[in-house]
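Here is what each chain is made of, one letter per residue.
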Amino acid sequence: MKVVFANEDLHEIDVMALVDGQTPIYIECKTGEFRRDIDKFLRLKKRLNLNRSQFIVCASDLTEELAIGLTAMHDLTFANHSTLPAKLQAVI
C-alpha cells in the first residue's frame, strides 16, 4: 500500500494492522542493509503518531543482539523473524 501525505511525501506501507480496532501496529519488512533508512522510519513513526513498540522494523539478517542494540539506540523496535512474535505479543 502507498500513502501520500498532504505535503506529497510518499511512503510504501509493508504491514499495518489495528489490534482490537484501536491500537495500530506498523511493521517494516527489510532484507539486506537498511540502516540508511532509519531516519526515514523515525520520521514516519512520528507522522503516524506511534510509540516505539508500535513501529517494528523486522529484518531477516538481524541477530537478536543487534536488534536489542538498535532498539536501545533508536526510538523504534527492531526484530528478526524469530523475535517478531514476542514483539507483537508485547503490543497486544
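**Describing the pairing of strand β4 (residues 23-30)**
Then, in step 1: As defined by bridge partners, strand β3 (residues 15-19) adjoins β4 across five bridges and the pair is classed as antiparallel. In the strand pairing of β4, L18 is matched with P24.
Then, in step 2: Linking two consecutive strands that pair antiparallel, namely β3 and β4, is a turn of three residues; a positive phi of about 55° is found at D20 within it.

**Notes on the packing of aromatic side chains**
Then, in step 1: Within this structure, the stated rule accounts for three aromatic pairs.
Then, in step 2: Considering the side-chain rings of Y26 and F55, the 4.4 Å spacing of their centres and the 25° angle between planes classify their relative orientation as stacked. Taken together, the positions of Y26 in strand β4 and F55 in strand β5 (residues 55-59) put the pair 29 residues apart, joining distant regions of the chain.
Then, in step 3: Take Y26: its relative accessible area is 0%, and that puts it in the buried class.
Then, in step 4: Both rings, one in F41 and one in F55, keep their centres 6.3 Å apart while their planes meet at 40°; by these two values the pair is tilted. Of the two residues, F41 is situated in helix α1 (residues 38-47) and F55 in strand β5; the sequence distance between them amounts to 14 residues. One exposure class covers both F41 and F55, and it is buried.

Criteria and thresholds
- Residues numbered from 1 in each chain as written.
- Predicted model: local features only at pLDDT ≥ 70, side-chain atom pairs only at ≥ 80, totals over all residues.
- Heavy atoms only, no water.
- Pairing = 2+ DSSP bridges.
- Helix = DSSP H or I, 4+ residues; strand = E, 2+ residues; numbered from the N terminus.
- Phe/Tyr/Trp six-rings, centres within 6.5 Å; stacked < 30°, edge-to-face > 60°.
- Buried < 20%, exposed > 50% of the residue type's maximum accessible area, 1.4 Å probe, protein only.

Just geometry here; none of it tells us what the structure is for.
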